[in-house]
Amino acid sequence: MTPIKTHDNPYIKVWFRVKLFLSTYVNKIDSKGRISLPSSFRNILSKENKKEIILFKSIKFAAIDGCSYERINTISERIDNLDIFSEDQDDFSTSIFSEIVPTSLDKEGRFIIPNFLKKHANLKNEAAFIGQGNYFQIWHPKSALEKQKASRERIKANKKTLTSILINKSND
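Being a predicted model, the structure only gives us computed values, none of them experimental. (Residues numbered from 1 in each chain as written. Predicted model: local features only at pLDDT ≥ 70, side-chain atom pairs only at ≥ 80, totals over all residues. Heavy atoms only, no water.)

A. Seen up close, the pattern of salt bridges. With the rule as written, the count across this model stands at five salt bridges. Salt-bridge contacts for Arg34 lead to Asp30; the nearest nitrogen and oxygen are separated by 2.8 Å. Where Lys57 meets Glu99, a salt bridge forms, and the shortest distance between an N and an O atom there is 3.4 Å. Of this pair, Lys57 sits in strand β3 (residues 52-57) while Glu99 sits in the loop between α4 (87-97) and β5 (101-104), and the two are 42 residues apart along the sequence. On the basis of relative accessibility, which here comes to 24%, the residue Lys57 falls in the partly exposed class. Looking at Glu99, the relative accessible area reads 25%, which means it is partly exposed. (Salt bridge = Lys/Arg side-chain N within 4 Å of Asp/Glu carboxyl O. Helix = DSSP H or I, 4+ residues; strand = E, 2+ residues; numbered from the N terminus. Buried < 20%, exposed > 50% of the residue type's maximum accessible area, 1.4 Å probe, protein only.)

Structure, rendered in structure tokens:
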């Protein structure tokens, strides 16, 4: 029997190749309205767009969705696959693209959250950055804790496991 080498393991290859927004960070909003994007999040951004992120209102929550240009292009492609005359296509396009704010990072990784987004997420003096894999969300810190707790409780109540989603994905 031949031993499995680490570099031949497809799960290991994916782990090192894919960059994801991970973990939770709480950062203060300074007196000028700036906040720092966590350094691990900055490391996810592509070289071409290292100093810019995309922000927009979360469709589901009182939070802000943040992502890279690559992610917003993926969202655009999926919306483009909807029937061009459907309400879904119109609603998603309008809800997301009309309120996108391309946001520049300064050399310290700080940026300004526009007031309409701060109001949407109920942000005042600090914000929680929650990694969501291919994107991140910005929440009021207390709401972030509540969201994390509710998500975990739903998973437990529905008896979901990582194995169940990995098996379902591999069967597709």
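B. Quick look at the layout of surface pockets. Computed from the structure, the second largest pocket encloses a volume of approximately 500 Å³. If you go around the second largest pocket, you meet 21 residues; those closest to its centre are Ile59, Asp65, Arg71, Ile75 and Tyr135. Elements with a minimum of two residues in the lining of the second largest pocket: β4 (64-67), α3 (69-80), α4 and α6 (141-157). Take the lining of the second largest pocket: its biggest share by element is five residues, from α3. Residue composition of the lining of the second largest pocket, grouped by class: ten nonpolar, five polar and six charged. (1 Å grid on protein atoms, 1.4 Å probe; cavity = no way out; pocket = protein on both sides within 12 Å on 5 of 7 lines; lining within 4 Å. Points joined across faces, edges and corners; volume = space filled by probe spheres on them. Nonpolar A, V, L, I, M, F, W, Y, C, P; charged D, E, K, R; others polar.)

C. Inspection of unusual backbone geometry at higher detail. Here the phi dihedral of Asn122 falls at roughly 60°; this positive angle occurs in a residue that is not glycine. Examined against the element boundaries, Asn122 turns out to sit in the loop between α5 (115-121) and β7 (126-131). What makes Asn122 partly exposed here is its relative accessible area of 44%. One non-glycine residue, Lys159, lies in positive phi territory at about 50°. Tracing the backbone through its elements, the reader meets Lys159 in the loop between α6 and α7 (162-170).

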